[in-house]
Amino acid sequence: MKSLRTMSSKPHCGIMILIAAAVCALSPSCNSAVNSKGSKVQKDAVSQIGFYETYSWYEIAEAFINLNNEVKKQNLKPDEFTLEQLLNTRSHTEDWSRPEYNNPTPVIGHTLVEDTARVNSIIAQYGAKFLPQDMKLAWSIKPYRDSQGPECYELIALKALDGKPYMTGESITSAKKETAPEGQYCVLFRFDDNGKQQFSRLTAQNINRYIATVIKGKVYSYPMVMCQVENGNVQVAGNFTEEEINDLIGFLSGK
């Protein structure tokens, strides 16, 4: 039986998703088994979970370069930044002029916390002219900080036909807190039969591509799919505190 391992390269913000088939039991270091009972979830809560296909940067680089050039033409004030600069933590290095067309990740860029509103404003004003109609952009749930830089958020490019995800979390029947093999706090979701089938198709169609888990409009994780997942038990893990995981479980179960 198949299992889906973690993404091949770790995301900048350190948020990961682990997805495992039930027949491929999680590591013994997990504090409970896959088939043990989790907390029941509220349908209105899990409906706010979306599983999305994503765009790779090489697929949309040219569109963002054109959008950025349009912003440059708008007679920016001396103290204003272009979209590229905002999404490169105000750096003046023009990386988009020589894009990494082999870059498969869905990350558009990294923005200082105080600049997210400005990025949203620019995209709302100019994006429709240049960006794919089925693209939806979303911020990472938590900021990250590298060894030297400031805290910043990641902007992720999602595919959303009519603004909707590939599938929602409405097929999730339970959620529970666990400890991943790496010692991270995580949430284990379980799908019903319909959700298992949907998730199986989602993973089968995106081998070697990234899928994103979005909750209440924020990206919690975006792993690379390594193989088809046919059982549909989903373990979301990352740099979350135990309190944050408890809050998420509470939200999903209506507590």
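Higher on the page you've got the structure.
Residues numbered from 1 in each chain as written. Predicted model: local features only at pLDDT ≥ 70, side-chain atom pairs only at ≥ 80, totals over all residues. Heavy atoms only, no water.

Overview of the packing of helix 2 (residues 57-72) against helix 4 (residues 116-130)
The N-to-C vectors of helix 2 and helix 4 enclose an angle of 125°; their axes lie 10 Å apart at closest approach. Compared by their axis directions, helix 2 and helix 4 come out oblique. Taken as a pair, helix 2 and helix 4 cross one another with a handedness that is right-handed. Here A63, N66, L67, E70 and V71 of helix 2 lie close against helix 4, whose contacting residues are I122, Y126, G127, K129 and F130. Partitioning the contact of helix 2 with helix 4 into residue classes produces six nonpolar, two polar and two charged. (Axes fitted to C-alpha atoms, helices over the stretch in contact; angles between N-to-C directions. Helix = DSSP H or I, 4+ residues; strand = E, 2+ residues; numbered from the N terminus. Parallel < 35°, antiparallel > 145°, perpendicular 65-115°, else oblique. Left-handed = near helix turned anticlockwise from the far one by under 90°. Contact = heavy atoms within 4.5 Å. Nonpolar A, V, L, I, M, F, W, Y, C, P; charged D, E, K, R; others polar.)

Remarks on the environment of L86
Looking at the element boundaries, L86 is found in helix 3 (residues 83-86). Along the backbone, L86 and T111 are 25 residues apart, and their C-alpha atoms lie at a distance of 5.9 Å. Contact partners of L86, with chain neighbours within four places excluded, come to F81, H110, T111, D115, R118, V119 and I122.

Thoughts on the nonpolar core
I49, F51, I172, F189, F199 and L252 are the most contacted members of the largest nonpolar core, which totals 25 residues. Contributions of two or more residues to this core are made by helix 1 (43-46), strand 3 (49-54), strand 8 (172-179), strand 9 (185-191), helix 5 (193-204), strand 10 (211-215), strand 12 (233-237) and helix 6 (242-253). In terms of residues, this core owes the most to one element, helix 6, which gives four residues. Those residues in contact with I172 that sit more than four places away from it in its chain are V41, K43, V46, I49, F51, F189, R190 and F191. Within the second largest apolar cluster, 24 residues are counted, among which are W57, L67, L83 and L155. (Core = buried A, V, L, I, M, F, W, Y, C linked by side-chain atoms within 4.5 Å. Buried < 20%, exposed > 50% of the residue type's maximum accessible area, 1.4 Å probe, protein only.)

A few points about the packing of aromatic side chains
Tallied over the entire structure, the rule returns eight aromatic pairs. Here Y220 and F240 contribute two aromatic rings whose centre-to-centre distance is 5.7 Å and whose plane-to-plane angle is 35°, an arrangement assigned as tilted. Here the residue Y220 occupies a position in strand 11 (residues 218-221), and F240 occupies one in the loop between strand 12 and helix 6, the gap between them amounting to 20 residues. Of the two residues examined, Y220 and F240, each falls in the buried class. Chaining the aromatic ring pairs together yields one cluster made of F51, F191 and F199. In this structure, K159 is placed above the aromatic ring of Y55, and the distance from its NZ or CZ to the ring centre is 5.1 Å. Positioned over the ring face of F251 is K216, at 4.3 Å from the centre of the ring. (Phe/Tyr/Trp six-rings, centres within 6.5 Å; stacked < 30°, edge-to-face > 60°. Lys NZ or Arg CZ within 6 Å of the ring centre and 35° of its normal.)

On their own, these measurements won't tell you what the molecule is for.
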